[in-house]
Amino acid sequence: MVAVPKAAIVMPYFNEPELLKRSVEGILNQTYCTWKLFIVDDGSDKLNRADHNIIQNRQIKIINKPNSGVSDARNRALDHIQAEGGFSYIAYCDADDIWDKEHLQHSIIVLETNKADMVYTTPVFKMIDGSPAIPYGIPFYESFPGLDTLKKQNFIYISSVLHRAECSSVGEFDSTLNSLEDWDMWLRIAEAGYTIKQNTLYPSSLTYTCKPSGNGSKRTEEVYQKVLNKHNLL
């Protein structure tokens, strides 16, 4: 019997148990069933209020750590993934976003059909209550426009990304960045020569949750300049 390639899913979490349950439910409903979810509780005080099924599910590993930011949380998951071994793919889903049931399967199909190393899709944008939301002015492309365009602006949403485990050779997320850490990661993956493909066959398999107060850390000019300096883009 041929072994089915296994996917590791990275999910940082902090203090939003109802959104967490919604995101995990999307993963539990995946048509591609060979996965393990690594939830990193980044110093939360509310994970114990989450659905009991999350804590007891054997396909879910909960990692507890003091609060130190989303990059360090993702890195802790990557450390566990590397130590455990046996994963062909690494995917990301933040604890407020939702995968459609075929997101993982379609991502892997597109990755393998195109012999790519990383694949992403364009999300549907909704508010927490499910009403439509307006994207943050990030441009839409019909296909991956290439490294030169990626150097100008990040247009890849982390919860849509799946890549081969080998891409982790570029290193972990930069924990000195309090935003744009995902852009920095995609740049390093592309600069290392890994092939990136946009999922145009099965688009919009991710619902990206927008919040009235904004999402995550605010991008500052200082952080932006730091990424530019790091990649010699000035």
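Figured I'd write up the structure that's included with this text.

This paragraph deals with the sheet that holds strand S5 (residues 98-99). Spatially, S5-S10-S7 is the arrangement adopted by the three strands of the open sheet, whose pairing is mixed. Since the sheet does not close on itself, it has two edges, and those belong to S5 and strand S7 (124-127), each with one partner. In this structure, S5 lies alongside strand S10 (residues 206-210), joined through two bridges in antiparallel fashion. Residue pairing for S10: Trp99 is matched across the bridge by Leu206.

It is worth spelling out the pattern of salt bridges at this point. Using the criterion set out here, one finds 13 salt bridges in the structure. Put simply, Lys211 and Glu16 hold a salt bridge, and the shortest N to O gap is 2.9 Å. Of this pair, Lys211 sits in the loop between S10 and helix H7 (221-230) while Glu16 sits in the loop between strand S1 (7-13) and helix H1 (17-28), and the two are 195 residues apart along the sequence. Residue class for Lys211 comes out buried when judged on its relative accessible area of 16%. As a salt-bridge pair, Arg74 and Glu181 come within 3.0 Å of each other at their nearest N and O atoms. One end of the pair, Arg74, is in helix H3 (residues 70-84); the other, Glu181, is in helix H6 (residues 181-191), and 107 residues separate them in sequence.

As a further point, take the packing of aromatic side chains. By the definition in use, this model includes 11 aromatic pairs. Their ring planes at 10° and their centres at 5.8 Å tell us that Trp183 and Tyr224 sit as a pair that is stacked. You can see Trp183 sitting in helix H6 and its partner Tyr224 sitting in helix H7, a full 41 residues away along the chain. Taking relative accessible area as the criterion, Trp183 reaches 1% and is therefore assigned buried. The class for Tyr224 is buried, based on a relative accessible area of 19%. Linked through ring pairs, Tyr120, Tyr141, Phe144 and Phe155 together constitute an aromatic cluster. Across the ring face of Phe173, the terminal group of Arg74 is positioned such that the distance to the ring centre comes to 5.4 Å.

Bringing the layout of surface pockets into the picture now. Counted as a void, the second largest pocket has a volume near 190 Å³. A total of four residues in the lining of the second largest pocket trace back to one element, the largest contributor, which is H3. Residues belonging to the lining of the second largest pocket are distributed by class as follows: five nonpolar, five polar and two charged.

This brings us to unusual backbone geometry. Notably, Lys115 is not glycine yet its phi reads approximately 50°, a positive angle. With respect to the secondary-structure elements, Lys115 resides in the loop between helix H4 (103-113) and strand S6 (118-120). On the basis of relative accessibility, which here comes to 70%, the residue Lys115 falls in the exposed class.

Paired through backbone hydrogen bonds, the strands of a sheet run either parallel or antiparallel to each other. The mixed open sheet is built from seven strands, whose spatial order is S3-S2-S1-S4-S8-S6-S9. Lying at the two open borders of the sheet, with one neighbouring strand each, are strand S3 (60-65) and strand S9 (196-198). The average undirected angle you get between the axes of adjacent strands in this sheet is 20°. Across seven bridges, the pairing between S1 and strand S2 (residues 35-42) is parallel. Bridge pairing links Ala8 to Lys36 in S2. Along the sheet, H3 makes contact with S1, S2, S3 and strand S4 (89-92), crossing S2 at roughly 140°.

Turning our eyes to something else, we now look at the nonpolar core. Residues Ile81, Tyr92, Leu150, Ile156, Trp183 and Trp186 are the most contacted members of the largest nonpolar core, which totals 35 residues. Elements that contribute at least two residues to this core include exactly S1, S2, H3, S4, S6, H6 and H7. With six residues, the single largest contributor to this core is H6. Setting aside anything within four residues of it in sequence, one finds Ile81 in contact with Ala8, Val10, Phe38, Phe87 and Ile90. Core analysis: the next-biggest nonpolar cluster, separate from the first, contains 26 residues, Ile54, Val110, Ala116 and Val119 among them.

So, on to the side chain of Asp182. Along the polypeptide, Asp182 turns up in helix H6. Nearest to the buried, unbridged Asp182 among oppositely charged side chains is Arg74, at 6.2 Å. Among the polar contacts listed, one links the side chain of Asp182 to the side chain of Asn154, at a separation of 3.4 Å. In this structure Asp182 touches Asn154, Ile156, Ile158 and Phe173, once residues within four positions along its chain are discounted.

Conventions adopted
Residues numbered from 1 in each chain as written. Predicted model: local features only at pLDDT ≥ 70, side-chain atom pairs only at ≥ 80, totals over all residues. Heavy atoms only, no water. Pairing = 2+ DSSP bridges. Helix = DSSP H or I, 4+ residues; strand = E, 2+ residues; numbered from the N terminus. Salt bridge = Lys/Arg side-chain N within 4 Å of Asp/Glu carboxyl O. Buried < 20%, exposed > 50% of the residue type's maximum accessible area, 1.4 Å probe, protein only. Phe/Tyr/Trp six-rings, centres within 6.5 Å; stacked < 30°, edge-to-face > 60°. Lys NZ or Arg CZ within 6 Å of the ring centre and 35° of its normal. 1 Å grid on protein atoms, 1.4 Å probe; cavity = no way out; pocket = protein on both sides within 12 Å on 5 of 7 lines; lining within 4 Å. Points joined across faces, edges and corners; volume = space filled by probe spheres on them. Nonpolar A, V, L, I, M, F, W, Y, C, P; charged D, E, K, R; others polar. Axes fitted to C-alpha atoms, helices over the stretch in contact; angles between N-to-C directions. Contact = heavy atoms within 4.5 Å. Core = buried A, V, L, I, M, F, W, Y, C linked by side-chain atoms within 4.5 Å. Lys, Arg positive; Asp, Glu negative; His and termini not counted. Polar contact = N/O pair within 3.5 Å; in protein donor to acceptor, adjacent residues only side chain to side chain.

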